Amino acid sequence: MPYLLLSLAACFWGGNYVVGHILVAHADPIVLSAARWVLTAILLMALYSRQIRGQWPVMKKSFPVLAFLALFGQVLFPLTLYIGLQYTSSLNAAIYLSTTPALVLLINKCIFKEKISGNNIAGVVLSSLGVVWLVMQGDLLHLETLKNLNRGDLWTMGSAVSWAVYCAFLRTKPREVGGNAFVAVSAAFGAVVLLPVLFISLARDGLPVWHNYLQPGFLAGLAYLIVFPSWLSYLLWNKGIQAIGATRGEVYSHLIPLSGGLFSVLFLNVELYPFHLVSTLLIICGIALCSKSTANRRNQPALT
């Protein structure tokens, strides 16, 4: 069951790439991010208000940690993703996210002083090579390929880094803070941070065409972002990680870019090139090596 929960959570997050790519064609990414987290916060605070009140003393004491996690997980990760999706494909953005387990391993080594096995090092190398292959579009000898990169690629790379920081530092969340209350308060923090950003953006660029935000298609897409990537994915992920541990469960985050890339090909008619397949194969091999269990491998604290 935990494997199913983790797989569903990752696939819901993968759908975020496709839905987000569609919505940013008609909406400002800052408006979209703010609307997503404000509405999510209202929903979750109403649903889990009793749990939040019961755990508030612990949450108040650990506010810096919770704020740090919310900043990278609920603010920077989706905001940079939506900005990037204005200029690059959801397939590219999804594959960039494949580097996050490798980045998590590096953060764990440098910050938390964890021992990295030979399999993990090999996995990091293969996963990184897969991303380089994607960036160079399968032509490693011609640096002029880099001219084809645009700011969307850089923004989505930043999104991957933000997610890696969030995943690596989840261990710092107090175990006394339950998953439901944690997600609700994180959503509220994200909304509070994004509202001033939204007001500054509106003051600078003027009011958007609100008619675009009232279309049935946009509202349906926004509802998906609220219910699935912003709520259910976090809850299912929490339960799966609690059952099998963060170290074993982290490999399932690779399903996010794989499902996002698959959905892009199926629903957005994104053209698939050979270098996409080679890049994906290298990343999958990196996954296999990074997730290979060893007898002395220590689990990270689970997110409960």
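Quick notes on the rules
- Residues numbered from 1 in each chain as written.
- Predicted model: local features only at pLDDT ≥ 70, side-chain atom pairs only at ≥ 80, totals over all residues.
- Heavy atoms only, no water.
- Helix = DSSP H or I, 4+ residues; strand = E, 2+ residues; numbered from the N terminus.
- Buried < 20%, exposed > 50% of the residue type's maximum accessible area, 1.4 Å probe, protein only.
- Salt bridge = Lys/Arg side-chain N within 4 Å of Asp/Glu carboxyl O.
- Expected span 1.5 Å × (residues − 1).
- Bend = angle between axes of the 7 residues up to and from the residue.
- Contact = heavy atoms within 4.5 Å.
- Phe/Tyr/Trp six-rings, centres within 6.5 Å; stacked < 30°, edge-to-face > 60°.
- pLDDT = per-residue confidence, 0-100.
- Core = buried A, V, L, I, M, F, W, Y, C linked by side-chain atoms within 4.5 Å.
- Axes fitted to C-alpha atoms, helices over the stretch in contact; angles between N-to-C directions.
- Parallel < 35°, antiparallel > 145°, perpendicular 65-115°, else oblique.
- Nonpolar A, V, L, I, M, F, W, Y, C, P; charged D, E, K, R; others polar.
- Patch = residues over 30% accessible without salt bridge, like charges linked within 9 Å, V, L, I, M, F, W, Y side chains within 5 Å.
- Areas by Shrake-Rupley, 256 points an atom, 1.4 Å probe, with all protein chains shown as cover.
- Lys, Arg positive; Asp, Glu negative; His and termini not counted.
- Polar contact = N/O pair within 3.5 Å; in protein donor to acceptor, adjacent residues only side chain to side chain.

S.K.: Just checking my understanding: could you explain the overall build of the protein chain for this structure?
M.R.: Each helix and strand in the protein chain was counted, giving 13 helices and 0 strands. When the helices and strands of the protein chain are listed from N to C terminus, the series reads α-α-α-α-α-α-α-α-α-α-α-α-α. Counting all 304 residues of the protein chain, 53% fall into the buried class.

S.K.: Mind showing me how you'd approach the side chain of T156 here?
M.R.: Looking at the element boundaries, T156 is found in helix α8 (residues 151–169). Look at T156 and you get buried, because its relative accessible area is 2%.

S.K.: How should the pattern of salt bridges be read in this particular structure?
M.R.: One side chain can pair with another of opposite charge once the charged atoms of both are near each other. On inspection of all chains with the given rule, the structure shows 1 salt bridge. One salt bridge in this structure joins D205 and R204, with 3.0 Å as the shortest N-O distance. What makes D205 partly exposed here is its relative accessible area of 49%. Using a relative accessible area of 62% as the deciding quantity, one classes R204 as exposed.

S.K.: I keep staring at helix α3 (residues 49–61) and nothing clicks. Help me out?
M.R.: Owing to its 3.6 residues per turn, the α-helix aligns residues three or four sequence positions apart on the same side. The end-to-end C-alpha distance of α3, which contains 13 residues, comes to 18 Å, matching closely the 18 Å that a straight helix rising 1.5 Å per residue would cover. The sharpest bend along α3 comes to roughly 60°, located at Q55, with the proline P57 sitting one to four residues further on. Buried residues along α3 sit against α2 (29–47), α4 (63–84) and α9 (179–205).

S.K.: Whenever I open this one, the packing of aromatic side chains confuses me. Can you help?
M.R.: Ring pairs (aromatic) are described by centroid distance and by the angle formed between their planes. Counted under the stated rule, the structure contains 17 aromatic pairs. Relative to W163, the ring of F77 has its centre 4.8 Å away and its plane inclined at 35°; by these criteria the two rings are tilted. Of this pair, F77 sits in helix α4 while W163 sits in helix α8, and the two are 86 residues apart along the sequence. Like F77, the residue W163 is buried in the burial classification. In textbook terms, an aromatic cluster arises when at least three aromatic residues are bridged by ring pairs, as seen for W13, W37, F77, W163, Y166, Y234 and W237.

S.K.: Quick question: what am I supposed to make of the confidence of the model for the protein chain here?
M.R.: Detailed reading of the predicted coordinates is not advisable wherever pLDDT falls low. Averaged over the protein chain, the pLDDT score is 84; the fraction of residues at 70 or greater is 90%. Taking the mean pLDDT of every element in the protein chain, the minimum, 62, falls on helix α11 (residues 246–249) and the maximum, 95, on α3.

S.K.: Explanation requested: the nonpolar core in the structure shown.
M.R.: In summary, soluble globular proteins display a tendency toward joint burial of nonpolar side chains. In terms of nonpolar packing, the biggest core is built from 72 residues, with Y17, L32, W163 and Y166 touching the most fellow members. What Y17 contacts, discounting residues up to four positions off in sequence, is F77, L81, L85, S90, A93, A94, L97 and I256. With 8 residues, the next largest nonpolar core counts L91, I95, Y96 and I283 among its residues.

S.K.: Just to check I follow, could you spell out the packing of α3 against α9 for this structure?
M.R.: A packed helix pair is summarised by two numbers, namely the angle formed by the two axes and the spacing between the axes. Relative to each other, α3 and α9 sit at 80°, their axes nearing to 10 Å. One way to sum up the angle between α3 and α9 is to call them roughly perpendicular. Here α3 contributes Q51, I52, Q55 and M59 to the contact with α9, which in turn contributes N180, A181, A184 and V185. When grouped by side-chain class, the residues that make up the contact of α3 with α9 number 5 nonpolar, 3 polar and no charged.

S.K.: Explain helix α12 (residues 255–267) to me, please; I cannot follow it from the model alone.
M.R.: Taking 1.5 Å per residue as the helical rise, α12 with its 13 residues ought to reach 18 Å, and the 17 Å between its terminal C-alpha atoms agrees with that figure. Within α12, the full set of buried residues consists of I256, P257, S259, G260, G261 and S264. As for α12, its buried residues are in contact with α1 (2–23), α5 (90–96) and α8.

S.K.: What should I look at first to understand a nonpolar patch on the surface in this one?
M.R.: Taken together, the side chains of M1, L4 and L8 present a nonpolar region at the surface, about 310 Å² in accessible area. Along the polypeptide, L4 turns up in helix α1. Relative accessible area serves as the criterion here: at 47%, L4 is assigned to the partly exposed category.

S.K.: Looking at this structure, how should I read the side chain of K173?
M.R.: Residue placement: K173 occurs in the loop between α8 and α9. It is E176 that comes nearest to the buried, bridge-free K173 among opposite-charge side chains, at 7.4 Å. Within the local environment of K173, its side chain forms a polar contact with the backbone oxygen of V177, the two atoms lying 2.5 Å apart.

S.K.: Just checking my understanding: could you explain the environment of A187 for this structure?
M.R.: Checked against the element boundaries, A187 lands in helix α9. Assessed through its relative accessible area of 0%, A187 is described here as buried. When the C-alpha atoms of A187 and W231 are compared, they prove to be 9.1 Å apart, with 44 residues separating the residues in sequence. Dropping the residues within four chain positions of it, A187 is found in contact with W37, T40, A41, L44 and Q74.

S.K.: Whenever I open this one, the environment of L258 confuses me. Can you help?
M.R.: Along the polypeptide, L258 turns up in helix α12. Residue classification places L258 among the partly exposed positions, given a relative accessible area of 28%. Ignoring anything within four residues of it in the chain, the contact list for L258 reads T280 and I284.

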